[in-house]
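So you can see what is in the structure, the chains are spelled out below.
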Amino acid sequence: MGLIAFHRFQDLAREENVVFYYTGYFSQAMVTAMGDALRRRLDRSDAANVTRRKLFSVFMEMAQNVVHYSADPLTEADDGEIRRGALWVGERDGHFYVVCANPVENDKVARMKEKLEPLRSMTNADIKALYKEKLRADGEAGSKGAGLGFLTVARDACEPIEFDFVDEPDEGSTTTLFYLKASI
Amino acid sequence: MQNVYLAATAATPEVDFRFDTHSLSLKGESYPENAQAFYGPLLEMTARYLAGLDHARIVVDVQLAYFNSSSTKLLMSLFELFNDAAVKGNYVTLNWHYDEDDDTILEFGEEIADDYPALDFVAHALVA
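Residues numbered from 1 in each chain as written. Chains lettered and ligands numbered in written order. Predicted model: local features only at pLDDT ≥ 70, side-chain atom pairs only at ≥ 80, totals over all residues. Heavy atoms only, no water.

An unreviewed UniProt entry lists chain B under the name Fe-S oxidoreductase, with Crenobacter luteus as the source organism.

This is the structure we're talking about:
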């Protein structure tokens, strides 16, 4: 990329009020450092404590989701995972938003849609009730958390979460690009 | 039973389990990469400690400013152990410290109080 293209990229980020953007491989150490930088940035803003906490929570759920579930790992083991994705935090119309993107295996898409779609039409009270129900349920197969990650994001968001699944450009790809957005 | 002390890190809370004085505390933030790996051994030690007690007075202080979704269920498992010990005839106080404007942490505490009624749950608002 020439410097001109880099300028264009920077200008677009500025126009879109991007507070923070990272793309590449995510590890726990990276996520911890990014979280720290985000907090310091928020300390200099006039955001309310409640907003800061919710933003940090959504950021952490999404970033750790990339570490644990992106379909592009650099590592084999379940510890010290490093996986590829992208995450950005921006500000628009008085709200912060967080977007993450990472590849997922094609055969996981239907199940993820089933989990995410209902969250879009639920009220905050419904989301909290479902969260409490899941808190008491047994863990899900294939989940390294408690199956509470997307619910936590939806709980902390001030409007319905948005998501998308976009085909990868290579034909015959076994993965799909997953996007998730939440406003706080 | 050996006491346990783990200093806080960015992603894990300070653990100060003084089994000899029945005083246990968790303080800080919890978003480890692998919550099971962090809490698993603590759950196991706590279960062994509680198994040997009868009519003990145990005080648990929890002051967590943030925990991620994968820590949540493991924390619930820990509180379940204390509740079981209280049902068996011990007296367990859970001091739940939260920032006064942090409804998420307060509501989580209230869930614990609802689910584990044998605990003497006391919410303490931290005023900034």
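This is not the end of the story, as more comes after the structure.
Undergrad: Talk me through the packing of helix α3 (residues 49–69) of chain A against helix α6 (residues 149–156) of chain A; I want residue IDs and the actual numbers.
TA: Residue and element names in this part refer to chain A. Taken N-terminus to C-terminus, the directions of α3 and α6 make an angle of 155°; their axes are 9 Å apart at the nearest point. In this view, α3 runs roughly antiparallel relative to α6, as classed from their interaxial angle. Crossing hand, α3 versus α6: left-handed. On α6, the residues that touch K54, S57, V58, E61, M62 and N65 of α3 are G149, F150, T152, V153, R155 and D156. Among the residues making up the contact of α3 with α6, the classes are represented as four nonpolar, four polar and four charged. (Axes fitted to C-alpha atoms, helices over the stretch in contact; angles between N-to-C directions. Helix = DSSP H or I, 4+ residues; strand = E, 2+ residues; numbered from the N terminus. Parallel < 35°, antiparallel > 145°, perpendicular 65-115°, else oblique. Left-handed = near helix turned anticlockwise from the far one by under 90°. Contact = heavy atoms within 4.5 Å. Nonpolar A, V, L, I, M, F, W, Y, C, P; charged D, E, K, R; others polar.)

Undergrad: Talk me through the packing of aromatic side chains; I want residue IDs and the actual numbers.
TA: In total, this model carries 19 aromatic pairs over all chains according to the counting rule given. With a centroid separation of 6.0 Å and 65° between ring planes, the pair formed by F17 of chain B and F19 of chain B is classed as edge-to-face. Residue F17 of chain B is classed as buried on the basis of its relative accessible area, which comes to 3%. F19 of chain B sits in the buried class, given a relative accessible area of 3%. Between Y31 of chain B and Y66 of chain B, the aromatic rings sit 5.9 Å apart at their centres with planes inclined by 55°, giving tilted as the arrangement. In this pair, Y31 of chain B is assigned in the loop between β3 (23–30) and α1 (35–51) and Y66 of chain B in strand β4 (residues 57–67), connecting sequence segments 35 residues apart. Ring-pair connections join several aromatic residues into one group, and the members of that group are F20, F56 and F59 of chain A together with Y31 and Y66 of chain B. Geometry around Y131 of chain A places R155 of chain A over its ring, the cationic atom sitting 4.9 Å from the centre. (Phe/Tyr/Trp six-rings, centres within 6.5 Å; stacked < 30°, edge-to-face > 60°. Buried < 20%, exposed > 50% of the residue type's maximum accessible area, 1.4 Å probe, protein only. Lys NZ or Arg CZ within 6 Å of the ring centre and 35° of its normal.)

Undergrad: Can you tell me about the pairing of β3 of chain B, naming the residues and giving the values?
TA: Each regular strand carries side chains that alternate between the two faces of the sheet. Residues and elements named next belong to chain B. Looking at chain direction, strand β2 (residues 14–18) and β3 are connected through five bridges and run antiparallel. Pairing of F17 across the sheet is with L24, part of β3. In terms of strand pairing, β3 meets β4 through eight bridges, oriented parallel. Note on β4: the bridge partner recorded for S25 is D61. Running through α1, the crossover from β3 to the neighbouring parallel element β4 is right-handed. (Pairing = 2+ DSSP bridges. Right-handed = clockwise from strand over helix to strand, strands pointing away.)

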